[in-house]
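If you want the building blocks of each chain, they are given just below.
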Amino acid sequence: MTEFKKAYDAHLEEFQKNAHIKGMEAYQRLYRESLESPDTFWARQADHYLTWYKKWDTVLDYDFSEARIQWFGGGRLNASFNCLDRHLETREEAVAYYWEGDDTARAQAYTYGELYRRVNRFAAALRHKGVKKGDRVIIYLPMIIELPVAMLACARIGAVHSVVFGGFSAEAIANRINDCGAKVVITADGGFRSGKPVALKKNVDEALKKCPAVKTVIVVNHVDSGIFLTPGLEHWWHELIALPGLADEVEPEPMDAEDPLFILYTSGSTGKPKGVVHTHGGYLLYAAMTMEYVFDLHPGDIFWCTADIGWITGHSYILYGALVNGATSVMFEGVPSYPDFDRFWAIVEKYRVNKFYTAPTAIRSLAREGEAHVKKHDLSSLMLLGTVGEPINPEAWRWYHHHIGRDWCPVIDTWWQTETGGHMLTPLPGVAPVKPGSCAFPFFGIDPVIIDDAGEPVKHPDEEGLLCIRKPWPGMARTVFGDHERFISTYFSQAPGMYFTGDAARKDEDGYFWIIGRIDDVINVSGHRLGTAELESALVLHPHVAEAAVVGFPHAIKGQGIYAFVILKTGREPSDALKKELVAQVRREIGPIATIDVVQWAEGLPKTRSGKIMRRILKKIAANKLDELGDTSTIADESVIEKLIKDKVDVSK
Ligand code: WT7
């Protein structure tokens, strides 16, 4: 600890000169106020960060037992106005995005003025295609400027966007289109990845076979693939925005603070992904405020969040939080390994990035390639390093802090979720020393508690339990699209009167929080959530599979890997070819992010007498922790376990 301690003290001192929050006392004062007088606190923030057409009547009104949450009720505003219009006077020529292509030769800066013009034009095009307030629009685009433009254009006319990450399959797109009832899909002919074009439109074509309600597809010509579009249904983006008679400017639709801004799908422990709904008012405020405080944003900063906009991290910190603050960001189309493993550092050097936000999995994959890639570049611009998505292991933390952060930059480990809209537990630069692996303290307005199995707050420091949040915060999700019952049962039933996170955690004697991980059947692969139920359903679709059980296991790069136990139907023989088919099947159903690492053929699965699969035991077998199987007395047939252990696949190879 002492080696780090010195470094922290150095950065703390430096940060405190200029930071928004100067020291622990200042943090505690504001934090206390945020919990004791939430109405005054949040009204002040809403006034400070956002421009309203009409101020709210009530700051907060809620009832967790029905999962009814209302922030700034009666207030009216528009997210696109807050991201663009109100910056025009002072920041029209300021860069919103330095876009950097997959190809090192492709780069382009977009000012706030340019973004404003593009968003207005495309909003007019959407209106022309009949898109109205409240309509849902699916966006399936690579990391190109049309992605934020499309999202903001939707927000401008009050349409609700739902971005589907480019790594999801046709099947996943179809499910999302049908779940939210979208009639419009925005996509591109393809994207670039490691120098090669990747088809995207093809997946939409495949999806649309199952989506008869879709009436309009808008296609960006990004890779010049020369595809043909179906007349009437499909339109080129560039042709649509060039239509004569389209307005250059579109008045932003005044939205109720509680109107949905977007839906983002995320996996849960059961069934199909849930459409998490976020709002124009509360979400926008929370994204903006966390962006400014957590990254200690100041004029002149060059911020780079390496996430894809298709995830909540990109929604909140490449798009909404960044733009409300008038920030300048880097937006990167490519991958960390192309043309070589120094790409991230080349970009940091090129744009003089000073605040950098990435995921532990990226850090681990780059650390493995050695320091030579880092040393090629001047990283002296960096002053803050963030991480998100999964617990960061000590080796990765040290590598990041030492090689990228010159033993000086604070590492800001942010814990949050798709459902929380923004950072929840996180160190604030300049407040207190960070501890490697801890996400430190609650953000303003966040009231976390760790509860035991009986639902009581744990009594001792370091006691593990379930992480819950006692009070609402503006950025929290309001419902699961089309299924409010599921919203209640998933988040507000486990611990009545509180929001249940699904994570286990502990708090140490200094008040620092440490996240242990999901307690539900959700696997975190490279910082992305995958439900075991979804993976299993994808496996049993194969005609030879009788039953499947999927668990996560520790993986050196991905954090968790996917381990599948598969029982074949009688008369079917295991083979390597079949294994490949199964892996391909799941990728087809869910997408390349769901690539199974290990398939173990099984004859039986450990089940309770009531027939429930005992995943706890499967997890230990997959992780090779055979001496930790625990109590197996409730299992219906104990010989199953011996057999599974005997046939275990060695994941260390
Ligand atoms: C789950 C949420 C929020 C953006 C990315 C993931 C895990 C997230 C951390 C962290 C430990 C973390 C949790 C959480 N998680 N950040 N800093 N330390 N665990 O969003 O897909 O909604 O997943 O990711 O388990 O519940 P998501």
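Being a predicted model, the structure only gives us computed values, none of them experimental.

Right, let's get into the layout of surface pockets. Considering only enclosed or pocket space, the second largest pocket measures out at about 390 Å³ in volume. Together, 24 residues line the second largest pocket, and Pro-442, Pro-448, Lys-507, Gly-511 and Phe-513 are the ones closest to its centre. When contributions to the lining of the second largest pocket are tallied by element, the ones reaching two or more residues are α2 (24–36), β21 (448–451) and β24 (499–507). When residues of the lining of the second largest pocket are assigned to their parent elements, the largest contribution, five residues, is made by α2. Partitioning the lining of the second largest pocket into residue classes produces twelve nonpolar, three polar and nine charged.

This next bit is on the packing of aromatic side chains. The description of an aromatic ring pair rests on the distance of the ring centres and on the angle between the ring planes. For the structure shown, the criterion picks out 48 aromatic pairs. For the pair Tyr-53 and Phe-81, a centre-to-centre distance of 5.8 Å together with 55 degrees between the ring planes defines the contact as tilted. Note that Tyr-53 is positioned in the loop between α3 (38–49) and β1 (58–63) and Phe-81 in helix α4 (residues 79–83), a separation of 28 residues in sequence. What makes Tyr-53 partly exposed here is its relative accessible area of 38%. Where Phe-492 meets Tyr-499, the ring centres are 6.0 Å apart and the plane angle is 65 degrees; that geometry is what we call edge-to-face. Each of the two residues, Phe-492 as well as Tyr-499, counts as buried. Just above the ring of Phe-168 sits the side chain of Arg-176; from NZ or CZ to the centre is 4.5 Å. Lying across the ring of Tyr-512, Lys-435 places its NZ or CZ 4.5 Å from the centre.

Moving on to the UniProt feature "domain: AMP-binding enzyme C-terminal" (unreviewed entry) in the protein. Within this numbering scheme, the UniProt entry marks residues 534–612 as carrying the feature "domain: AMP-binding enzyme C-terminal" (unreviewed entry). With 27% helix and 32% strand, residues 534–612 has its two end C-alpha atoms placed 17 Å apart.

Conventions we followed
Sequence order as written defines the numbering, with residues in each chain counted from 1. It should be noted that, the model being predicted, local features are given only for residues of pLDDT at least 70 and side-chain atom pairs only at 80 or more, the latter also being counted only at that level, while totals for whole chains, interfaces and linings use all residues. Side-chain figures throughout are based on the complete set of non-hydrogen atoms in the structure, without hydrogens or water. Lining residues are defined by having an atom within 4 Å of a point belonging to a cavity or pocket. Those points lie on a 1 Å grid over the protein atoms alone, cavities being sets where a 1.4 Å probe fits but cannot get out and pockets being open sets with protein on both sides within 12 Å along at least five of seven lines. Grid points are joined across faces, edges and corners, and a volume is the space filled by probe spheres set on the points. The helix and strand labels rest on DSSP assignments: H or I over at least four residues marks a helix, E over at least two residues marks a strand, and numbering proceeds from the N terminus. All residues other than Ala, Val, Leu, Ile, Met, Phe, Trp, Tyr, Cys, Pro, Asp, Glu, Lys and Arg, Gly among them, are scored as polar; the first ten of these are nonpolar and the last four charged. Each pair of aromatic rings taken from Phe, Tyr and Trp, with Trp reduced to its six-membered ring, is defined by centres within 6.5 Å and is described as stacked if the planes are under 30 degrees apart, edge-to-face if over 60, and tilted in the remaining cases. The buried label applies to any residue whose accessible area, calculated with a 1.4 Å probe on protein chains only, is under 20% of its type's maximum; exposed applies above 50%, and partly exposed to all values in between. Here, over-ring charges are defined by two tests on the NZ atom of lysine or the CZ atom of arginine: distance to the ring centre within 6 Å, and angle to the ring normal within 35 degrees. UniProt positions are given in the numbering used here, feature names are shortened, and annotations may be inferred rather than shown by experiment.

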